[in-house]
Amino acid sequence: MGRWMRPEVYPLLAAMTFVTSLCTFQLVRNVLQNPDVRVNKAHRKMAVLDNREEGMKYAEHGFRKFLRTRPPEIMPSINHFFSQDN
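Reading guide: rules and limits
Per-chain numbering applies: the sequence of each chain, read as written, is numbered from 1 onward. In keeping with the predicted nature of the model, local features appear solely for residues at pLDDT of at least 70, side-chain atom pairs appear and are counted solely at 80 or more, and the whole-chain, interface and lining totals rest on all residues. Only hydrogens and water are removed before side-chain values are computed, so all heavy atoms of the structure are retained for them. Strands here are runs of E lasting at least two residues and helices are runs of H or I lasting at least four, both read from the DSSP assignment and numbered beginning at the N terminus. Whether a residue is buried, partly exposed or exposed follows from its accessible area with a 1.4 Å probe, protein chains only, as a fraction of its type maximum: under 20%, in between, or over 50%, in that order. Per-residue and other accessible areas follow the Shrake-Rupley method at a 1.4 Å probe size, with only the shown protein chains counted as cover for residues. UniProt positions are given in the numbering used here, feature names are shortened, and annotations may be inferred rather than shown by experiment. Between Lys or Arg on one side and Asp or Glu on the other, a salt bridge is scored when a side-chain nitrogen of the former is within 4 Å of a carboxyl oxygen of the latter. The positive count covers Lys and Arg only, the negative count covers Asp and Glu only, and His and the chain ends enter neither. We call two residues contacting when some pair of their heavy atoms lies within 4.5 Å.

A. Quick peek at the overall build of the chain. Counting secondary structure elements, the chain contains five helices and zero strands. Starting at the N terminus and walking to the C terminus, you meet the elements of the chain as α-α-α-α-α. Within the span of the chain, comprising 86 residues, buried residues form 8% of the whole. Total accessible area on the chain is roughly 8,400 Å²; 63% of this is exposed by carbon and sulfur atoms.

Quick look at the structure:
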């Protein structure tokens with residue numbers, strides 16, 4: 001990077017870059033896909049939006065559907081190791 005940055009700063013820089021990109025992703029996702037955010041002028045004029053299908057599509061995204069098929073374990077190998085009878 002140059003003479004002004006110490007090597008001890010690299011892990012902090014990596015963590016901050018990851019967190020900033022995660023926040024940016026979530027903000028862009030909410031602005032573009034959230035049915036409650038009204039960027040369009042036609043939608044802003046309406047007091048109550050009738051968009052139940054759009055809301056369900058936003059709430060039931062592909063990652064949530066994938067996780068629904070997986071067992072609710074964070075570390076399955078450790079769970080199976082400690083739950084086995086000797």
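B. Fine view of the UniProt feature "transmembrane region" (unreviewed entry) in the chain. Mapped onto this numbering, the UniProt entry annotates "transmembrane region" (unreviewed entry) at residues 12–32. For residues 12–32, the end-to-end C-alpha separation is 30 Å, with 100% helix and 0% strand making up the annotated structure.

C. Structural detail: the pattern of salt bridges. Counting across every chain of the model gives one salt bridge. Measuring nitrogen to oxygen at the nearest pair gives 2.7 Å for the salt bridge that ties Arg 68 to Glu 60. Taking relative accessible area as the criterion, Glu 60 reaches 25% and is therefore assigned partly exposed.

D. Molecular detail of the side chain of Arg 29. Inspection of the secondary structure puts Arg 29 in helix 1 (residues 10–33). Notably, Arg 29 is buried but unbridged: the nearest opposite-charge side chain belongs to Glu 60, and the N-O separation is 10 Å. With sequence-adjacent residues up to four places away left out, Arg 29 is seen in contact with Asn 34, Tyr 58 and His 61.

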